[in-house]
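The primary structure of each chain is shown beneath.
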Amino acid sequence: MINASAEKGDTTRSIARAISTEFDEIRLVDQNIAQFGQVSEIEKDDFDKVIAKINTADKIIGSPVYWGGLTSLLYTFIDRLGEVYHTPKNPFRDKEVVIIVQGAWPQEVLPHAKVYFEHFAENYNFHLLAIVTNLQEAASVNL
């Protein structure tokens, strides 16, 4: 699971557990991932390490809703994926992915998130299984 929540013990993780009881979690808040275009060859960040960790499994990506949108942690990570877009390092190619969008008003964010993640899936060549917003929706997902 790629968890874009800044909170430990968060709802995003609980929803992921309803989808799959066994998963490794990469908490983006615990990684040093620089903005796209801000990484020098001298001072590398954790992006390559994160890509190596997620390269071999099906994926769950989770983000709470902050201020009416997905977290900046998730946007930064997805922006950086442009570096591996057309390379063998693309960790999403031919994978099944479930997206979690949860928070106080996920229904308001969902139309934007749906278009965003459908575009993401098309460009990174993965199968978007579902976008879930709560435990009930998560229970119906087979990953």
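Our subject is the structure that appears above.
Residues numbered from 1 in each chain as written. Predicted model: local features only at pLDDT ≥ 70, side-chain atom pairs only at ≥ 80, totals over all residues. Heavy atoms only, no water.

1. A closer look at the sheet that holds strand S5 (residues 127-132)
Ordered by their spatial adjacency, five strands build an open sheet running S2-S1-S3-S4-S5, and the pairing between neighbours is parallel. The open sheet terminates on both sides in strands that have one partner only, identified here as strand S2 (26-27) and S5. (Pairing = 2+ DSSP bridges. Helix = DSSP H or I, 4+ residues; strand = E, 2+ residues; numbered from the N terminus.)

2. As for the side chain of arginine 27
Within the fold, arginine 27 resides in strand S2. Side-chain polar atoms of arginine 27 contact the backbone oxygen of glutamate 7, separated by 3.0 Å. The contact partners of arginine 27, leaving out residues within four places of it in the chain, are Asn3, Ser5, Ala6, Glu7, Lys8, Asp10 and Arg13. (Polar contact = N/O pair within 3.5 Å; in protein donor to acceptor, adjacent residues only side chain to side chain. Contact = heavy atoms within 4.5 Å.)

3. Looking at the side chain of threonine 12
Its location among the elements puts threonine 12 in helix H1 (residues 11-19). Taking relative accessible area as the criterion, threonine 12 reaches 0% and is therefore assigned buried. At 2.9 Å, the side chain of threonine 12 forms a polar contact with the side chain of glutamine 102. Not counting residues within four places of it along the chain, the set of residues in contact with threonine 12 comprises Met1, Asn3, Ser5, Gly62, Ser63, Pro64, Ile100 and Gln102. (Buried < 20%, exposed > 50% of the residue type's maximum accessible area, 1.4 Å probe, protein only.)

4. Quick notes on the pattern of salt bridges
Counting across every chain of the model gives seven salt bridges. With a closest N to O distance of 2.8 Å, arginine 13 and glutamate 25 form a salt bridge. Here arginine 13 is found in helix H1, whereas its partner glutamate 25 is found in the loop between H1 and S2, with twelve residues between them in sequence. What makes arginine 13 buried here is its relative accessible area of 17%. Here aspartate 30 makes a salt bridge to arginine 27, at a shortest N to O gap of 3.3 Å. (Salt bridge = Lys/Arg side-chain N within 4 Å of Asp/Glu carboxyl O.)

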